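# A structural walkthrough
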Amino acid sequence: HSFGSDWSSCNVMCNHNGDLRQAVSTAYSNTGKKINLLAFDACVMQQIEVVFDIKDYIKIFLAPQTICPLGGFRYDRIFQELEENSLTNEVELSKKIVEINVENYIDVVPIVISSIDAEKLNSVRTALDDLFNNLLVSSPNQLIIDARMNVQTLPLIGYVPRPEDDYIDIGDFIKSLHDIFSNNE
């Protein structure tokens, strides 16, 4: 996960080496305040490990889950929204940014973009740890295997999801598991 590429100097900032965490933690240290909304228009930045690394310094994280079109975000419309609704909070603004960009690309190219409330990630992590630990100790029955193969996936290359894609929509998978366990009771 790289961002902030400066091709003239060949410098690239990366998440895996701590550049992102250092940048946002420095902002927090200097102000004593979390960043209300941190948005990226860089490809594949909306991964749980990216936002988890900086969750203590931000409130809302917004980014594409897959490829971001070269045109990036519609900053003109985002700034117009801010000008017209200057009192909008970070949650409502993040929803509007997602809406603006999905509308912009809907007839051009598929885009998967979302926002995450970073302040709730610890409870999400605990729930996911419990879920996956329970799945690991139980034998993989066919219903769970079928749920994984039928879950919405996020392709890194191309735009057509396939069951063998590495990235899955965790919300869709959890919903499928819930349906399985609810029907088995």
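The structure contained in this document is the topic of the report that follows.

### Considerations on the overall build of the protein
When helices and strands are tallied, the protein shows 7 helices and 7 strands. Reading the protein from its N terminus to its C terminus gives the helix and strand order β-β-α-β-α-β-α-α-β-α-α-β-β-α. Total accessible area on the protein is roughly 11,500 Å²; 54% of this is exposed by carbon and sulfur atoms.

### Thoughts on helix α4 (residues 90–105)
For α4, which comprises 16 residues, the first-to-last C-alpha distance of 23 Å matches the rise-based estimate of 22 Å (1.5 Å per residue) to within 8%. Restricting attention to buried positions, one finds in α4 the residues Leu93, Ser94, Ile97, Val98, Ile100, Asn101 and Tyr105. Down the axis of α4, the buried set is contained in an arc of 165°. They therefore lie on one face. In this structure, the buried side of α4 is in contact with β3 (35–39), β4 (58–64), α3 (75–84) and β5 (113–117). Here α4 starts with a cap whose side-chain oxygen sits 3.0 Å from the backbone nitrogen of Val91, and that cap is Asn89.

### Comments concerning the pattern of salt bridges
Oppositely charged side chains can pair when the atoms bearing their charge come close. A complete count under the given rule lists 10 salt bridges for this structure. Close ionic contact of Lys55 with Asp56 constitutes a salt bridge, the shortest N to O distance being 3.1 Å. A residue is classified by how much of its surface remains accessible, and Lys55, at 10% relative accessible area, is buried. A residue is classified by how much of its surface remains accessible, and Asp56, at 45% relative accessible area, is partly exposed. Between Glu103 and Arg77 there is a salt bridge, and its shortest N-O distance comes to 3.5 Å. Here Glu103, found in helix α4, pairs with Arg77, found in helix α3; they are 26 residues apart in sequence, far enough to count as distant.

### Topic: a nonpolar patch on the surface
Where nonpolar side chains cluster on the molecular surface, the patch consists of Tyr75, Phe79 and Leu82 and spans about 280 Å² of accessible area. Tracing the chain through its elements places Phe79 in helix α3. Classification of Phe79 as exposed rests on a relative accessible area of 52%.

### Some words on the nonpolar core
If you look at the biggest cluster of nonpolar residues, it comprises 15 residues, and the most contacted ones within it are Leu20, Leu38, Phe40, Met45, Ile54, Ile58 and Phe61. Of all the secondary-structure elements, those providing two or more residues to this core are α1 (19–31), α2 (48–54) and β4. Residues Phe73, Leu93, Val109 and Ile111 belong to the second largest nonpolar core, which totals 11 residues.

Rules and cut-offs
- Residues numbered from 1 in each chain as written.
- Predicted model: local features only at pLDDT ≥ 70, side-chain atom pairs only at ≥ 80, totals over all residues.
- Heavy atoms only, no water.
- Helix = DSSP H or I, 4+ residues; strand = E, 2+ residues; numbered from the N terminus.
- Areas by Shrake-Rupley, 256 points an atom, 1.4 Å probe, with all protein chains shown as cover.
- Expected span 1.5 Å × (residues − 1).
- Buried < 20%, exposed > 50% of the residue type's maximum accessible area, 1.4 Å probe, protein only.
- Arc of directions from axis to C-beta.
- Contact = heavy atoms within 4.5 Å.
- Polar contact = N/O pair within 3.5 Å; in protein donor to acceptor, adjacent residues only side chain to side chain.
- Salt bridge = Lys/Arg side-chain N within 4 Å of Asp/Glu carboxyl O.
- Patch = residues over 30% accessible without salt bridge, like charges linked within 9 Å, V, L, I, M, F, W, Y side chains within 5 Å.
- Core = buried A, V, L, I, M, F, W, Y, C linked by side-chain atoms within 4.5 Å.

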